[in-house]
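Listed below, chain by chain, are the residues.
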Amino acid sequence: VWRVAWVIVFGAFMANLDTSLVNVGLDTISRDLHGSLSSAQWVTSGYLLALAAALPACAWLSRHFGTGRLWMYALAGFTITSALCAAAPSLPALIVLRVAQGITGGLLVPAGQSVLGRAAGPSRMGRVMNGVGIAVVLAPALGPAIGGVLIHTLSWRWLFLVNVPVGVITLARGLRHVPRGERGTAGPFDLTGFALVAGGLPLVVYGITTASQRGTLTSTAVLATLIPGAAALAAFAWWSLRSRTPLLNLRLLRNQVYSAATTSVFFTGAALFGGLIILPLYYQLYRHESVVA
């Protein structure tokens, strides 16, 4: 079980490290690829949004391919897209590749947790998940420090290249130790639900970003994205509560413990990932500190 756990940890560590590793390089990336800082922000935002959009599809894909097999596909995809991000010739290309990387990262973490849950069983679940949880929490905390050193000594492209050798080694270990899982009856894929959540999330975030830049919520550009995005997310909730095979079972929120945990994770994520974007830029642009500092 612990052999499987440490292999899964490396995959989860990579995906979570990338949520903060790149933040310290946004200013450098925008200057090197001749783009604006607000555009470069989508290198991070696009990754997180794609990660969030991919999460609900993980359960269906696990049943379709087998959990361990899905984890290995996601790890291979994450490693390949990391190499492609490092070779990106322009800022738009980098943003598109980061979205692809975010999709694989969004499948990598929950698929790995499912593999671990089945390997550990109920009696050892808490102990194994605690060990994995420490690595997952440490990853975004260490990201800015590692990113600063990589940019200072090498270049911003190494923010992505660093994933390649780790991914290859982890995949080799995974092929040896990670059980493939059994293909089950996945049922029909909730394409409507996926389209609503994958479309609604980016529109809402883009609308909020535009509002913060323009200083108003009532401009045409803001309302043209914010209203359709909010409507799509509301439609997703309505659809999920009425569908027989929803992409995401929102009825779980009726459980008070689950609902409280979800709320806690939401605010923790907002504080953690929001702060890790703002602070590096504050120190670089307003206090004129080096990336290492």
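Heads up: the structure comes first, above all this text.
Engineer: How should I be thinking about the overall build of the protein chain in this particular structure?
Structural biologist: Broken down by element type, the protein chain carries 11 helices and 0 strands. Start at the N end of the protein chain and walk to the C end: the helices and strands fall as α-α-α-α-α-α-α-α-α-α-α. For the protein chain, whose C-alpha radius of gyration is 19 Å, the value lies close to the compact-globule estimate of 19 Å for 293 residues. Overall, the C-alpha framework of the protein chain stretches about 50 × 45 × 35 Å when taken along its three principal axes. Split into buried and exposed, the 293 residues of the protein chain put 44% on the buried side. Residue pairs at least 24 apart in sequence account for 79% of intrachain contacts in the protein chain once pairs closer than 6 positions are excluded. Summed over its atoms, the accessible surface of the protein chain is roughly 14800 Å², and 68% of this surface lies on carbon and sulfur atoms. With 19 positive and 6 negative side-chain charges, the protein chain shows a spacing of 15 Å between the two charge centroids.

Engineer: Which parts of the structure should I look at to understand the nonpolar core?
Structural biologist: Burial of nonpolar side chains together is a common tendency in soluble globular proteins. Residues I8, W71, L107 and L116 are the most contacted members of the largest nonpolar core, which totals 35 residues. Of all elements in the fold, only α1 (2-21), α3 (37-54), α4 (58-65), α5 (67-86) and α6 (91-153) reach the threshold of two or more residues within this core. When sequence neighbours within four positions are dropped, the list of residues in contact with L116 reads V4, A5, I8, V128, M129 and V132. Of all hydrophobic cores here, the second largest spans 24 residues; its members include V43, A86, W156 and L159.

Engineer: How should the pattern of salt bridges be read in this particular structure?
Structural biologist: Two side chains of opposite charge can pair, provided their charged atoms sit close to one another. The full count for this structure, using the stated rule, is 1 salt bridge. Note that D27 and R31 form a salt bridge whose closest N and O atoms lie 3.3 Å from each other. Here the residue D27 and the residue R31 both occupy positions in helix α2 (residues 26-32), the gap between them amounting to 4 residues, near one helical turn. Its relative accessible area of 11% is what places D27 among the buried residues. Of the residues examined, R31 reaches a relative accessible area of 52% and is grouped as exposed.

Engineer: Please clarify how the packing of aromatic side chains should be interpreted in this entry.
Structural biologist: The geometry of an aromatic ring pair comes down to the distance between the two centres and the angle between the two planes. Tallied over the entire structure, the rule returns 7 aromatic pairs. Ring geometry for Y282 and Y283: centres 5.1 Å apart, planes at 75°, overall edge-to-face. On the accessibility criterion, Y282 (37% relative accessible area) is partly exposed. An aromatic cluster is present here, built from W60, F189 and F194 joined pairwise through their rings.

Engineer: Please clarify how unusual backbone geometry should be interpreted in this entry.
Structural biologist: Glycine aside, the phi torsion of most residues is negative, and most peptide linkages are trans. The backbone of H34 sits at a positive phi, close to 55°, despite the residue not being glycine. With respect to the helices and strands, the residue H34 is situated in the loop between α2 and α3. By relative accessible area, H34 is classed as exposed at 76%. The phi torsion at H288 lies on the positive side, around 55°, for a residue other than glycine. We classify H288 as exposed; its relative accessible area is 66%.

Scoring rules and cut-offs
- Residues numbered from 1 in each chain as written.
- Predicted model: local features only at pLDDT ≥ 70, side-chain atom pairs only at ≥ 80, totals over all residues.
- Heavy atoms only, no water.
- Helix = DSSP H or I, 4+ residues; strand = E, 2+ residues; numbered from the N terminus.
- Rg over C-alpha atoms; globule rule 2.2 N^0.38 Å.
- Buried < 20%, exposed > 50% of the residue type's maximum accessible area, 1.4 Å probe, protein only.
- Contact = heavy atoms within 4.5 Å.
- Areas by Shrake-Rupley, 256 points an atom, 1.4 Å probe, with all protein chains shown as cover.
- Lys, Arg positive; Asp, Glu negative; His and termini not counted.
- Charge placed at Lys NZ, Arg CZ, Asp CG, Glu CD.
- Core = buried A, V, L, I, M, F, W, Y, C linked by side-chain atoms within 4.5 Å.
- Salt bridge = Lys/Arg side-chain N within 4 Å of Asp/Glu carboxyl O.
- Phe/Tyr/Trp six-rings, centres within 6.5 Å; stacked < 30°, edge-to-face > 60°.

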